[in-house]
Amino acid sequence: MSEILIWSIYCCLLLLTEEQLFFSKCYTVYGIEPILRSLKEILLLNNTELQKQGLLLFTEILKRQPVEIKLFANNALFRDAINVLLEAVHSPVLEVAGEGMKAVAAILRRDHVNLPPIEYGELQKLVEGVLKRCSDLSLAPFNRRFMGQLRGRHQNKAISQQGQFLQSALESFRNACRLAVECQNDPVAQENAFTAPNSEKKDTLKSFSEFLMRMCDSLCIPIVMKYSERAVRPALMEIFISTLSILFSIMPHICKNFSIKLATCCFIRLNLELKAKFCTGQSNPALNQACSSFLHSMCLSLHSSLEKMADSSQEDQEISELLQKSLPQLNFSVLESLSLLSETTDSCSLDETLRNHQYSLLLLFYIAFSQEDRFVPEVELFSAIRSFLLSVQDQGDCPPPYVFKAVLYLLASSQDKNETLDLASLSAIRRILDVIADLSLVYVHHPLMLKFFLRYPELMKRFGHCILQLWFSCEDYSQIESEEAVISDPAVFLQSFHNLNSLLCMLKGNPSALLMLLDLICFSTSEVVHKVLITLKTFLKLNEDIHVCDLLRNQFLQILQKLLVENSSSTLPVNQNLLLSLNLLFLVQLRYIKERELDSTDFRLLHLVSNLCGKCSPADHEILQPSLNFLYWSLQQTTPSSQQRVVAMLFSNTALLELLEKVIHCTWIAASSSEPTFSSSGEALLCSAWLLTASLLTQQHAYSAEVHHIICLDIDKFFSALAFRREKPLLFFVSILQFLRAFFRQNLCSSFVKFVVQQRKEQSTEDASLYPLALDHVLSLAIHLQNLLVQRDLLLSQSVTGCLEVLLAYLQSKNQSIACHIASQPWNKFLLITLLDGGENSFLQPEILRLVAIFIRYQKTTFFFQTEISRILENAANSKLTDLSDVTVSTLRSFLLQVQSGTCQMDSSQTASVQILLESLPSTSQTHSTHQGMVCLGGVAVCLSHIRD
């Protein structure tokens, strides 16, 4: 009875008076506790009307409670109220749950929760319960066939009830968001000081704010959008949109990500459609204001995140004022908006309101397109912007930079689906850009923007350099991997660097843009130059078009010459841009497959590079590696007339020759090291140094060039370096063998290189005949060559075979018995068996044919290799000779001629077989005997014909 009496008194008070003072005195007498107890009992009853009235009374108490009097004296009472409301919200009767939602909205008021500490955890439980109750609603499926019939009316009623319920729930969520914003200005609410010290504070304003953002993302937005598929209620959408606007203020530091997510989910489109549908004229002013405020907040947030070039605070203020004036009046459909954008005014006057509306529309479209929401038809948009440009041109108007940035981006984004811009439009763009002057104000870092400028020669000629400079200033090249990554898997590399891939595609079809990049090397900052060089280097590695090199060579080499001159002082180390330039210089030369006559530019660069090498120390790997590659190319890839001039220039540079000697002497350190302490770049440099020295040795002898410095090599250290070690790269041995091969061809006697022989206590007759070699040198070399052969590497096998051939020729001239001993060792037969792979034509491998020919030329008896000769003839007779490669045919012909020369004992059938094979061998193409080009192996330039010949 007491509870009924209390309810009666309160009902009477609510019915008889609205005086707040009288209401407060009555509340003071009875308190809130009996009301909460009564509500609990009522919610247990099976009386829907009583439950609704009880919740209605509680809602009114919450709404009318004066701010100066606390309704909840302690946290326990507040938690009781939360539990009661959660029970009401989860009532299976929608009307009761709806009244509970209204009570929840009323309790989420700052003065109701102003208790120390604030029960943020309870608030989270309440808000989550409200939203989950909405997600549990079984929304009636929309079926147009029943619209207008009885079932349609029932369906409409159900949708309407659900919409009202959802609206009350959104009101509760909005109040929770407002509460979080209000608490931000209250230090007590932020600190929540009564939580346990030194404990993890989960019950904080920050955690509550993060919770609200999560609830909006996971529940609020999906629920509203699902309901909107069936019906759109302006009042509901006003609460929803205004709630989103409040969320921009809850956690400013994640405002950018929040804005991006909403924009990518088409919320700009949604708000414009709501305004166009429900807010024309004076309709639904609250919804219009909510949508306008939301668009204003989101556009400012996204514009700030897109702006990277400079401080844009002043610009943001201008945009804010523009949108505040225009957005409430922009209640147009998409087609109406495009029509407005195309609208022109009397040429004698400028309609400021129209221009502001056009500017605001362009900003909205720009923000939407930047987040991939292309809700405006691109063909119609392109046409509308073109009309806008012509209107601006006729008026002599100049839009603000932030507006014209939107214009350029929208044109660039929709250009591929439209025709080329006419000259009048391009003239308007040029005039406005000339007025703005600072292109960073209108630049958007996107491949489409760069492509737009590079597409039009009228814009490229005037603004191309500046746009490219801005592009590289914004690009981050810190994560680009080494050049080996580009070559090993170009597809994966380019997929990882989308912008770089886009730029490379643009350069491939735009020679003028390539030349502009070269100009940037001269006039840009060091950082931009570095990025340009990396871009050109990647471009040359991925594109083998020789015509591109022809286009670049003259101007490009002049620019590299300038960089070399700037860094040609005696102070080292040299900066990274020069290192990239030298690598780029070699890459350009590497693209020339055929021999080329060098011009004056080549020789000037050759002079600068060789002088720069002379100023380096052997430790300057990064600069010496590309430089020696370039010098090696200049010797190997040129015509004889140019080659003679190159040899004379290099041999006149004493500092270069001294540097080469110092680098070569590092070989003894590398060879004696049992651990891989010598860096890979150091080993690559050794390879280049030996290859260049071998080439210089050969060319000096051929052209009788004057030598100003002799390279001296310790003979014992040299032959020790040839011992095979697994930790050394095979190219390391290839390069040394190339040098030894060239030296043997000159009988180890040259005015450029000499072996230094240590004084021996006793000298045998054999040692005297082999001078400067000793017998132990010859025997160790033979063993080293055999060990290297069994590594079964093609390039190494060619070097070893060639070196073995000249060694035996040298021994034949010095001491025939030693040559015969080396050629007739039983180990040689075992070596051949090891090299045979068991294939059908194993004996026809070029390396096998060449080795057998070498051995039988210098052997004492032909019987030693008679079995191998017979197998080779048998294999050749059973093979289809026309299917053999040119290299195999050429080597087989040399072998047959060697056999036919009389050094081998053959029966009549074998003699006939040799003659038949010689007559049957197809002719080889001329390309085999001519220049074979250059390759780059592990950063080392290698001329294949130099190794193979």
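Please refer to the structure placed before this passage.
> Would you mind going over helix α5 (residues 75-89) with me for this structure?
An α-helical turn contains 3.6 residues, so a residue and the one three or four places further along point in the same direction. Taking 1.5 Å per residue as the helical rise, α5 with its 15 residues ought to reach 21 Å, and the 21 Å between its terminal C-alpha atoms agrees with that figure. Every buried residue belonging to α5 is among N75, L77, F78, A81, I82, V84, L85, L86, A88 and V89, and all of these are buried. Backbone nitrogen of A76 and a side-chain oxygen of the N-cap are separated by 3.1 Å at the start of α5; the cap is N74.

> Even after reading the chapter, I still don't get the packing of helix α14 (residues 285-306) against helix α17 (residues 352-370), so can you show me in this structure?
Two numbers describe a pair of packed helices, the interaxial angle and the distance between the axes. Direction vectors running N to C along α14 and α17 enclose 60°, while the axes themselves pass 10 Å from each other. The angle between α14 and α17 falls in the class oblique. Crossing angle aside, the handedness with which α14 passes α17 is left-handed. Contact residues: α14 offers L295, C299, L302, H303 and L306, while α17 offers L364, Y366, I367 and S370. Tallied by class, residues from the contact of α14 with α17 come to seven nonpolar, two polar and no charged.

> Is there a simple way to explain the packing of helix α22 (residues 457-474) against helix α27 (residues 526-542) in this structure?
Close contact between α22 and α27 brings their axes to 9 Å; oriented N to C, the two are set at 95°. One element, α22, and the other, α27, form an angle in the roughly perpendicular class. When α22 is examined against α27, the residues Q469, F472 and S473 are found in contact with a partner set consisting of V528, K531, V532 and T535.

> Would you explain the pattern of salt bridges in this entry?
Oppositely charged side chains may form a pair once their charged atoms are brought near each other. Applying the stated criterion across every chain, the model contains 24 salt bridges. Where R174 meets E238, a salt bridge forms, and the shortest distance between an N and an O atom there is 3.4 Å. Residue R174 is found in helix α8 (residues 150-183), and its partner E238 is found in helix α11 (residues 234-250); the two are separated by 64 residues along the sequence. Judged by relative accessible area, which is 7%, R174 ranks as buried. Exposure remark for E238: the relative accessible area of 18% places this residue in the buried category. Note that E372 and R374 form a salt bridge whose closest N and O atoms lie 3.9 Å from each other. Each of E372, R374, E378 and K417 takes part in salt bridges that share partners, so that together they form one network.

> Is there a simple way to think about empty space enclosed by the protein in this case?
Under the counting rule described, the total for this entry stands at three cavities of 30 Å³ or more. There is about 70 Å³ of room inside the largest cavity. Residue lining of the largest cavity: A782, L785, Q786, L789, V800, L804, I822, N828, L831 and F855, and that is the complete set. Within the residue set of the lining of the largest cavity, elements represented by two or more residues are α38 (775-789), α39 (794-814) and α41 (826-835). Considering each element in turn, the lining of the largest cavity owes the most residues, four residues, to α38. Across the lining of the largest cavity, the residue classes break down as eight nonpolar, two polar and no charged. There is about 40 Å³ of room inside the second largest cavity. In terms of lining, the second largest cavity is formed by A412, Q415, D416, L448, K451, F452 and R455.

> Explanation requested: the environment of L389 in the structure shown.
On the secondary structure map, L389 appears in helix α18 (residues 378-395). With near-sequence residues (within four places) excluded, L389 lies in contact with F404, V407, L411, S425, A428, I429 and I432.

> Mind showing me how you'd approach the packing of aromatic side chains here?
Summed over all chains, the structure comprises 27 aromatic pairs. Aromatic side chains F365 and F375 sit 5.9 Å apart centroid to centroid with 75° between the ring planes, which places their arrangement in the edge-to-face category. Separated by 10 residues along the polypeptide, F365 in helix α17 and F375 in the loop between α17 and α18 bring together distant segments of the chain. F375 gets classed as buried once you look at its relative accessible area, which sits at 12%. An angle of 65° between the planes, with centres 5.7 Å apart, marks the rings of F718 and F739 as edge-to-face. Taken together, the positions of F718 in helix α35 (residues 715-721) and F739 in helix α36 (residues 730-745) put the pair 21 residues apart, joining distant regions of the chain. The two residues F718 and F739 agree in class, both being buried. Over the ring of F603 we find R645; its NZ or CZ atom is 3.9 Å from the centre of that ring.

> I would appreciate a short explanation of the nonpolar core in the present structure.
In summary, soluble globular proteins display a tendency toward joint burial of nonpolar side chains. Counting 324 residues, the largest nonpolar core has F58, F72, F718 and F895 as the members making the most contacts within it. Looking at this core element by element, the count peaks at 13 residues for helix α10 (residues 205-228). Those residues in contact with F895 that lie beyond four places of it in its chain are L849, V852, A853, I856, I869 and I872.

Scoring rules and cut-offs
Residues numbered from 1 in each chain as written. Predicted model: local features only at pLDDT ≥ 70, side-chain atom pairs only at ≥ 80, totals over all residues. Heavy atoms only, no water. Helix = DSSP H or I, 4+ residues; strand = E, 2+ residues; numbered from the N terminus. Expected span 1.5 Å × (residues − 1). Buried < 20%, exposed > 50% of the residue type's maximum accessible area, 1.4 Å probe, protein only. Polar contact = N/O pair within 3.5 Å; in protein donor to acceptor, adjacent residues only side chain to side chain. Axes fitted to C-alpha atoms, helices over the stretch in contact; angles between N-to-C directions. Parallel < 35°, antiparallel > 145°, perpendicular 65-115°, else oblique. Left-handed = near helix turned anticlockwise from the far one by under 90°. Contact = heavy atoms within 4.5 Å. Nonpolar A, V, L, I, M, F, W, Y, C, P; charged D, E, K, R; others polar. Salt bridge = Lys/Arg side-chain N within 4 Å of Asp/Glu carboxyl O. 1 Å grid on protein atoms, 1.4 Å probe; cavity = no way out; pocket = protein on both sides within 12 Å on 5 of 7 lines; lining within 4 Å. Points joined across faces, edges and corners; volume = space filled by probe spheres on them. Phe/Tyr/Trp six-rings, centres within 6.5 Å; stacked < 30°, edge-to-face > 60°. Lys NZ or Arg CZ within 6 Å of the ring centre and 35° of its normal. Core = buried A, V, L, I, M, F, W, Y, C linked by side-chain atoms within 4.5 Å.

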